[in-house]
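One-letter residues, chain by chain:
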Amino acid sequence: MEKTLATPDNARSLSPSSSATVNSRAGGFERRTKRRLSKTKASVCVSSQEEDDEEEVKEKIEALQRIIPGGTALGVDALFEETAGYIMSLQCQIKTIKVLTSFLQRLDKQDMKFGG
């Protein structure tokens, strides 16, 4: 079956079935185009979201570098290792302060008992 486009000269020669074929093809093209466009829009949104996420991570790393002593001179991997050590050090200091506080509170109670 020969496929021809409708022009003023051959408009009468097109059968109804061939014009339906052209219309269905146009509809298929339109659907595929819409799908491609929606995928493109989605990938643009994803890449925009990824850029926002990357920027947020950079900001947090910079903040961590300011908090950790000597952090500005460290790379990311070394910064995370130093952060872990710094957190453990802070936890030990907190425990020490709690122990000293409870010890001093007991001493104060004992002094009060003995009138001191």
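Treat the numbers as computed from the prediction; the structure is a model and nothing was measured. (Residues numbered from 1 in each chain as written. Predicted model: local features only at pLDDT ≥ 70, side-chain atom pairs only at ≥ 80, totals over all residues. Heavy atoms only, no water.)

S.K.: Even after reading the chapter, I still don't get the overall build of the chain, so can you show me in this structure?
M.R.: The secondary structure content of the chain amounts to two helices and zero strands. By the burial criterion, 7% of the 116 residues in the chain qualify as buried. Here the chain has roughly 10200 Å² of accessible surface; of this, 59% comes from carbon and sulfur atoms. (Helix = DSSP H or I, 4+ residues; strand = E, 2+ residues; numbered from the N terminus. Buried < 20%, exposed > 50% of the residue type's maximum accessible area, 1.4 Å probe, protein only. Areas by Shrake-Rupley, 256 points an atom, 1.4 Å probe, with all protein chains shown as cover.)

S.K.: Where do I start with the environment of Leu64 in this structure?
M.R.: You can see Leu64 is positioned in helix α1 (residues 16-67). Residues within four places of Leu64 in sequence aside, it is in contact with Leu79, Phe80 and Thr83. (Contact = heavy atoms within 4.5 Å.)

S.K.: How should I be thinking about the confidence of the model for the chain in this particular structure?
M.R.: In low-pLDDT regions, the fine details of the predicted coordinates are not to be read closely. Averaged over the chain, the pLDDT score is 77; the fraction of residues at 70 or greater is 59%. In this model residues 11-15 is a low-confidence stretch, pLDDT under 50, and it forms three contacts with partners more than four residues away in sequence or in other chains. (pLDDT = per-residue confidence, 0-100.)

S.K.: What is the right way to look at a negative patch on the surface in this model?
M.R.: Among the surface-exposed residues, Glu50, Glu51, Asp52, Asp53, Glu54, Glu55, Glu59 and Glu62 lie close enough to one another that they form a single negatively charged patch. Along the chain, Glu50 turns up in helix α1. (Patch = residues over 30% accessible without salt bridge, like charges linked within 9 Å, V, L, I, M, F, W, Y side chains within 5 Å. Salt bridge = Lys/Arg side-chain N within 4 Å of Asp/Glu carboxyl O. Lys, Arg positive; Asp, Glu negative; His and termini not counted. Charge placed at Lys NZ, Arg CZ, Asp CG, Glu CD.)

S.K.: Just checking my understanding: could you explain the side chain of Gln65 for this structure?
M.R.: Summarising the element assignment, Gln65 is placed in helix α1. In this structure Gln65 touches Gly71, Thr72, Leu74 and Leu79, once residues within four positions along its chain are discounted.

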